[in-house]
There are 2 protein chains.
Amino acid sequence: MKALFSCLCLALPLAGHLGLAQSPTPADDWKPATSNQPGKLYPQVNSEGRVKFRIVAPEARNVSVSFRDSSPFTQGEDGAWIGYTRPLDEGFHYYTITIDGAEVPDPNSRFFFGANRWGSGVEIPAHDQDFYALKNVPHGRLREVLFYSPSTDSVRRAFVYTPPGYDQDVDQRYPVLYLQHGWGENEYSWGAQGCAHLILDNLIAAHATRPFLLVMTYGMTNEIEFGRLREFDIGPFETVLLRELIPFIDATFRTRSDQRHRAMAGLSMGGMETKLITLRNPDTFSHIGLFSGGSIRPEDIADMTAFREKNRLVFVSYGSREERGAASGKVAAEALKQAGVNSHYYESPLTAHEWLSWRRSLYQMAPLLFTQER
Amino acid sequence: MKALFSCLCLALPLAGHLGLAQSPTPADDWKPATSNQPGKLYPQVNSEGRVKFRIVAPEARNVSVSFRDSSPFTQGEDGAWIGYTRPLDEGFHYYTITIDGAEVPDPNSRFFFGANRWGSGVEIPAHDQDFYALKNVPHGRLREVLFYSPSTDSVRRAFVYTPPGYDQDVDQRYPVLYLQHGWGENEYSWGAQGCAHLILDNLIAAHATRPFLLVMTYGMTNEIEFGRLREFDIGPFETVLLRELIPFIDATFRTRSDQRHRAMAGLSMGGMETKLITLRNPDTFSHIGLFSGGSIRPEDIADMTAFREKNRLVFVSYGSREERGAASGKVAAEALKQAGVNSHYYESPLTAHEWLSWRRSLYQMAPLLFTQER
């Protein structure tokens, strides 16, 4: 089967991810990245996880890419500049091309919203890419919904994933996971570089998770500079989410609208938002997921007896290369388990603060959701 | 109300579109384009419909934009290059920035698929922009659907617009308009730069059209070079559309699946596809729309008696600045009317082969669809 779109990653068999100890000459098995625009032959990826760029800039004096430790770009007789990266982690990475001092997107890549701008991204095939691949299985639907928000006096956008069969089985109602992006990202991120809909399609086809809705909206995180995140006020987003979006979703989709059937998770700053909002609203959410976004320690919980009674899951994850967070997340998860909470910890092998960690986190968390019907 | 996204165009009151006879000094009432990325102050648009660009490229020797007759870009002491265009037609235009010979997207604009690549676009507010503005009215939903196509052995994407209330009134069934993009565009185009969903939302809120579904998929037009369009074979797309997509839509959405309630329209090369497919399949489609994409003359119709019996509408439109097409389209539409067909011709004032012509065409055609229930 031919694969047409994003998150397909069906093309490249990987001999293995060799890390930094590779030979100085890149392996000559380059193939076009699956994240390229249609028909574009560059950037290319090789079996070491290096990326090779080709930028046509005949009159430029200097071309470079934002990946650190990349080779210097050199210009060929055809005017095109060629350069390549060190071996990168498996998964998805944002990048920027610089041409004579101008930071621009690579015109060959598709564009993703991250680092607070629409820009380039490249996909390094992962050895476990099958779980987020586009396959010939029943597909749910990702729908763009627009809702009016009185508190911000704006029409806001959300994306809602409905599982396969939602539009046919009109008597069935579904639990809901509210799923947040990170700082510098937006409501598009989970359905694009996150492959959330494909992860759910594949899990549901394998009967590995209960079908549920995903709701993804902009977490209002980008209005504050990255260096001042501690000053972030959760209040305005909490109002949009709890007073406006959730009632809208429950009124216009066939949800199960009780606390037992509502979860919230988020990555990075979206994890911070999830922690703040879920701990303040224990009667609204029963399942909590923090992906590379902090952890919940017993001392974060004011009334542990009430929390144990109401909460059904606390899921915390990190990439193994996020060493500090991973260490403290694991300790906190264990302490929470000792306190009687259904606490799960997951560590994504050989990834850092990046999308493969978060795709895997969703894949690991989904089967744990909405399983306790007591 | 604050407007957050594309196709909003709420910001700029236009004193009037002055054409080429403007003063040599641009009017100093620049405002950020509504097509910019969040928070970006450039490009800017003034009341003459000129666009001003700011490209940070400190070491570059030459910066330019693809709009013809633009001013030469000049570099300021801050390293940024500034340049501006002639007054442009109202509406949406694709463009490219060139930095020392490298054609790249403007990092400040949002990205749209056109000219066979994801790249920059700019929105010049139109005097009639209200019809495609995002307003606080009930909104339909644009959903991404994935369907398996045996004939191409691929999972293909379509976007389906369902009108407000579709997910609530589960007994109601709806007519369907299959709506095609042009060469170099794809299934995203009508729901992005086309504002098709907002046009329908606004028409439905005003009770000016019957609610119907829109289905937009990739017309397989980009596999052939622009100069060789006459060699285009409609067969593969006709198979995907008629044997695969339409049955999938009728099976998974609440459609009215008879010929009377199915329409097809397209712009430019999508109009050519519409003409070929609808004339070959008179028992499948009852309403036909060609936007800047040819016309249907009486001599194109093999059996006029049968066509008159089965067809409910032939809608042909052009921008007034597409002079040759507009002239022949008008003549053909009149001849078809004389032959007893429900033939409508629309000419978009002061626009060329561009999206404002096509937004207006959809707005004009929609009220004429599915009105004859005999």
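What counts, and where the lines are drawn
- Residues numbered from 1 in each chain as written.
- Chains lettered and ligands numbered in written order.
- Predicted model: local features only at pLDDT ≥ 70, side-chain atom pairs only at ≥ 80, totals over all residues.
- Heavy atoms only, no water.
- Helix = DSSP H or I, 4+ residues; strand = E, 2+ residues; numbered from the N terminus.
- Rg over C-alpha atoms; globule rule 2.2 N^0.38 Å.
- Buried < 20%, exposed > 50% of the residue type's maximum accessible area, 1.4 Å probe, protein only.
- Contact = heavy atoms within 4.5 Å.
- Lys, Arg positive; Asp, Glu negative; His and termini not counted.
- Charge placed at Lys NZ, Arg CZ, Asp CG, Glu CD.
- Pairing = 2+ DSSP bridges.
- Least-squares fit on C-alpha atoms with pLDDT ≥ 70 in both.
- Core = buried A, V, L, I, M, F, W, Y, C linked by side-chain atoms within 4.5 Å.
- Buried area = accessible area lost by both parts, 1.4 Å probe.
- Salt bridge = Lys/Arg side-chain N within 4 Å of Asp/Glu carboxyl O.
- Polar contact = N/O pair within 3.5 Å; in protein donor to acceptor, adjacent residues only side chain to side chain.
- Domains from an automatic or database assignment.
- Nonpolar A, V, L, I, M, F, W, Y, C, P; charged D, E, K, R; others polar.
- Axes fitted to C-alpha atoms, helices over the stretch in contact; angles between N-to-C directions.
- Parallel < 35°, antiparallel > 145°, perpendicular 65-115°, else oblique.
- Left-handed = near helix turned anticlockwise from the far one by under 90°.

Peer 1: Give me the overall build of chain A: which residues, what numbers.
Peer 2: The number of helices and strands found in chain A is six helices and 19 strands. Relative to its length of 374 residues, chain A is compact, with a C-alpha radius of gyration of 21 Å against a globular reference of 21 Å. Relative to its full complement of 374 residues, chain A shows a buried share of 60%. Contacts in chain A between residues far apart in sequence, at least 24 positions, make up 71% of those at least 6 positions apart. Across chain A, the 38 positively charged side chains and the 43 negatively charged ones have centroids separated by 4 Å.

Peer 1: Can you tell me about the environment of L242(A), naming the residues and giving the values?
Peer 2: Residue and element names in this part refer to chain A. For L242, the position within the fold is in helix α2 (residues 235-252). Classification of L242 as buried rests on a relative accessible area of 8%. Between the C-alpha atoms of L242 and G83, which are 159 residues apart in sequence, the distance is 48 Å. Leave out the neighbours within four places in its chain, and L242 touches P247, I277, N281, T284 and F285.

Peer 1: Break down the sheet that holds strand β1 (residues 31-32) of chain A for me, with residues and values.
Peer 2: Residue and element names in this part refer to chain A. Here we have five strands laid out as an open sheet, ordered β1-β2-β3-β6-β5, and antiparallel in their pairing. The two strands at the open ends of the sheet, each matched to only one other strand, are β1 and β5 (74-75). Bridge count between strand β2 (residues 44-45) and strand β3 (residues 51-56): two bridges; the pairing is antiparallel. The residue bridging V45 from the neighbouring strand is V51, located in β3.

Peer 1: Pulling in residues and values, what's your account of the relation of the copies chain A and chain B?
Peer 2: When chain A is fitted to chain B, the best match, at an RMSD of 0.0 Å, comes from turning it 180° and sliding it 0.0 Å along the axis. The transformation just described matches what one would write down for a two-fold rotation axis. Among all residues of chain A, the one whose C-alpha sits closest to the rotation axis is R143(A), at a distance of 1.9 Å. Most of the interface of chain A is mirrored in chain B: 100% of its interface residues are interface residues there too.

Peer 1: Residues and numbers for the nonpolar core, please.
Peer 2: Core analysis: the biggest nonpolar cluster contains 40 residues, and V63(A), I97(A), I99(A), V63(B), I97(B) and I99(B) have the highest contact counts within it. Contact partners of V63(A), with chain neighbours within four places excluded, come to I55(A), A57(A), F73(A), W81(A), I97(A), T98(A) and I99(A).

Peer 1: Tell me about helix α1 (residues 196-205) of chain B, and please be specific about residues and values.
Peer 2: Among the ten residues of α1(B), nine are classified as buried, and the element is accordingly described as predominantly covered. Buried within α1(B) are the following residues: A196(B), H197(B), L198(B), I199(B), L200(B), D201(B), N202(B), L203(B) and I204(B). Residues of α1(B) that are buried make contact with β12 (141-149) of chain A together with β12 (141-149), β13 (154-162), β14 (176-180), β15 (213-217) and α6 (355-365) of chain B. H207(B) lies just past α1(B) and shows a positive phi near 55°.

Peer 1: Account for the interface of chain A and chain B, naming residues and giving values.
Peer 2: Contacts between the two partners involve 55 residues from chain A and, on the opposite side, 55 residues from chain B. Of the roughly 4600 Å² buried between chain A and chain B, counting both surfaces, carbon and sulfur atoms make up 58%. Taken together, the links from chain A to chain B amount to two salt bridges. Across the contact surface, chain A and chain B share 16 residue pairs in polar contact (both at pLDDT 80 or more). Those elements that place two or more of their residues in the side of chain A that touches chain B are β9 (102-104), β10 (111-114), β11 (117-124), β12, β13 (154-162), α1 (196-205) and α2 of chain A.

Peer 1: Lay out helix α6 (residues 355-365) of chain A in plain terms, naming residues and giving numbers.
Peer 2: With nine of its eleven residues buried, α6(A) lies for the most part within the structure. Within α6(A), burial applies to W355(A), L356(A), S357(A), W358(A), R359(A), R360(A), S361(A), L362(A) and M365(A).

Peer 1: So what's going on with the environment of Y42(A)? Which residues, and what values?
Peer 2: Within the element layout of this structure, Y42(A) appears in the loop between β1 and β2. The residues contacting Y42(A), other than those within four sequence positions of it, are N36(A), K52(A), F53(A), R54(A) and N108(A).

Peer 1: A description of the domain arrangement of chain A should follow, citing residues and the corresponding values.
Peer 2: Residue and element names in this part refer to chain A. The domains assigned to chain A are domain 1 (31-125) and domain 2 (131-368). With centres defined by C-alpha atoms, the gap from domain 1 to domain 2 works out at 31 Å. Across the contact, 14 residues belong to domain 1 and 19 residues belong to domain 2. Summed over both partners, the interface of domain 1 with domain 2 buries about 1200 Å², with 46% contributed by carbon and sulfur atoms. It is D89, F113 and N116 in domain 1 that bury the most area against domain 2; as a group they hold 39% of the surface buried on that side. At the surface where domain 1 touches domain 2, the tally comes to ten residue pairs in polar contact (both at pLDDT 80 or more). Residue assignment for the side of domain 1 that touches domain 2 shows that the elements contributing at least two residues are β7 (91-95), β10 and β11. A per-element tally of the side of domain 1 that touches domain 2 places β7 first, with four residues. Tallied by class, residues from the side of domain 1 that touches domain 2 come to six nonpolar, four polar and four charged.

Peer 1: Please give an account of the sheet that holds strand β10 (residues 111-114) of chain B that cites residues and values.
Peer 2: Residues and elements named next belong to chain B. A sheet is described by the order of its strands in space; here three strands give the open sequence β7-β11-β10, paired in antiparallel fashion. The two strands at the open ends of the sheet, each matched to only one other strand, are β7 (91-95) and β10. On average, each strand axis in the sheet is tilted by 55° relative to the strand beside it, whichever way the strands run.

Peer 1: Which residues make up the packing of α2(A) against helix α3 (residues 269-280) of chain A, and what are the values?
Peer 2: All names here are of chain A. Taken N-terminus to C-terminus, the directions of α2 and α3 make an angle of 60°; their axes are 11 Å apart at the nearest point. Looking at the two axes, α2 sits oblique to α3. Considering only the axes of α2 and α3, their crossing is right-handed. Along its contact with α2, which presents F237, E238, L241 and L242, the element α3 presents E273, I277 and R280.

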